[in-house]
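A closer look at the structure
Listed below are the residues making up each chain.
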Amino acid sequence: MNKSLLILGASSDIARAIARKFASEGWDLLLAGRDTESLSKDAADLKLRYKVNVEALRFDAVDFDSHQKFWDGIDPKPLAIACVFGYLGDQKISERDWTEAKRAIDTNFTGAVSILNIAANYYESQKSGAIIGISSVAGDRGRMSNYIYGSAKAGFTAYLSGLRSRLSKSRVHVLTVKPGFVATKMTENLKLPGLLTAQPDKVADDIFRAYRTGRPVVYTRWFWRWIMLLIIHIPERMFLKLKL
Ligand SMILES: NC(=O)c1ccc[n+]([C@@H]2O[C@H](COP(=O)([O-])OP(=O)(O)OC[C@H]3O[C@@H](n4cnc5c(N)ncnc54)[C@H](OP(=O)(O)O)[C@@H]3O)[C@@H](O)[C@H]2O)c1
């Protein structure tokens, strides 16, 4: 396996920052997502800027039946995968409309499990490789304002934890990334607290450092680790009153 990273959901703002960071460290890239036209433009730009090989591939996280063929079509296989795609959705709509709730669950959880199961079996057989999963602090405790998205991310966090235990014997690194607020397309309509909101490039730096040092879990920015420690320890009766 050459030093290359497959980015799933490569048109996301965090994914674009991850692509720049890894390319600047000499990694070749496979940019996978639904909009191959815009990914091809990104690929051309990254190639020129960082003198690395970059390819664009079509990938749809919720087209589960296509995942095995997608993986089989990649040759040579990447040394690492970053699973970045996600869908925040609308909590209020999700409470009434199963299609909206299912989209959040399928994108953030089922789609990730479907493709990573396939990649994990390959890496296990090779006894090398790395899987970087972008979960969320929203998965650490269900909140009334976004528990459909949060519960899908909680499932993804638990999946990555189990996968890490299984693959540790095979020297495959599984990194769980838990971003707090990040200024991206996903959050552009939300009022985020400036001091707690990170830029995607900072998040990508944290991810690269955590990957390089073999960390199992990283909160980004770092202070979310302490914020979430506090939040998960608030007694349930008090938590109900907070209406978070
Ligand atoms: N921004 C935050 O505050 C924040 C906080 C915690 C965690 N996260 C997580 O970080 C990751 C990146 O999010 P972001 O903030 O960079 O958001 P973003 O810019 O809105 O990116 C979301 C990406 O997911 C892709 N996607 C959605 N459904 C897909 C599907 N069925 N197949 C393939 N790709 C699909 C979208 O692709 P299209 O361009 O094709 O729509 C888009 O590129 C997500 O997993 C998100 O949950 C974000």
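Nothing here was measured: the structure is a model prediction, and the numbers come from that model. Every residue gets a number counted from 1 within its own chain, in the order that chain's sequence is written. A pLDDT threshold of at least 70 governs which residues receive local features in this predicted model, and a stricter bar of 80 or more applies before side-chain atom pairs are shown or counted, although totals over entire chains, interfaces and linings include all residues. No hydrogens and no water enter the side-chain calculation; it runs on all heavy atoms of the structure.

**Structural notes on the side chain of T187**
- Following the sequence through the fold, T187 ends up in the loop between β6 (173-179) and α7 (200-212).
- Take T187: its relative accessible area is 13%, and that puts it in the buried class.
- Polar contact is defined as a pair of N or O atoms within 3.5 Å, subject to the rule that within protein one atom must be able to donate a hydrogen and the other to accept it, and that residues adjacent in sequence are counted only when both atoms are side-chain atoms. In terms of polar contacts, T187 uses its side chain to reach the backbone carbonyl oxygen of V182, at 2.7 Å.
- When sequence neighbours within four positions are dropped, the list of residues in contact with T187 reads V182 and L192. Going along the chain from the N terminus, every DSSP run of H or I of four or more residues is numbered as a helix, and every run of E of two or more is numbered as a strand. When a residue's accessible area, from a 1.4 Å probe over protein chains only, is under 20% of the maximum for its type it is buried; when over 50% it is exposed; and in between it is partly exposed. Two residues form a contact once any of their heavy atoms are found within 4.5 Å.

**Here we look at the site of the ligand**
- Close contacts around the ligand come from 27 residues, with S11, R34, Y149, V182 and T184 the closest.
- Residue S11 places a side-chain N or O atom 2.8 Å away from an oxygen atom belonging to the ligand.
- D60 is positioned with one of its side-chain polar atoms (N or O) 2.9 Å from a nitrogen atom of the ligand.
- Taken by itself the ligand offers 890 Å² of open surface, and the protein chains cover 90% of this. Here, proximity means that at least one heavy atom of the residue falls within 4 Å of the molecule or strand. Residue exposure ignores everything except the shown protein chains as possible cover, and the areas themselves are Shrake-Rupley values with a 1.4 Å probe.

**Observations regarding the packing of aromatic side chains**
- Classification of ring pairs uses Phe, Tyr and Trp, with its six-membered ring standing for Trp, and accepts pairs whose centres are within 6.5 Å; under 30 degrees between planes counts as stacked, over 60 as edge-to-face, and the remaining range as tilted. One pass over the full model with this rule turns up 12 aromatic pairs.
- Here F181 and W224 contribute two aromatic rings whose centre-to-centre distance is 5.2 Å and whose plane-to-plane angle is 85°, an arrangement assigned as edge-to-face. Residue F181 is found in the loop between β6 and α7, and its partner W224 is found in helix α8 (residues 224-232); the two are separated by 43 residues along the sequence.
- Each ring, one from W222 and one from F223, has its centre 5.6 Å from the other, and the planes form 75°; the classification is edge-to-face.
- Through pairs of rings, three or more aromatic residues link up here, namely F22, W27, F208 and Y211.
- Definition used: whenever NZ (Lys) or CZ (Arg) falls within 6 Å of the ring centre and also within 35 degrees of the ring normal, the charge is taken to sit over that ring. The positively charged end of R103 is found above the aromatic ring belonging to Y87, 3.8 Å away from the centroid.

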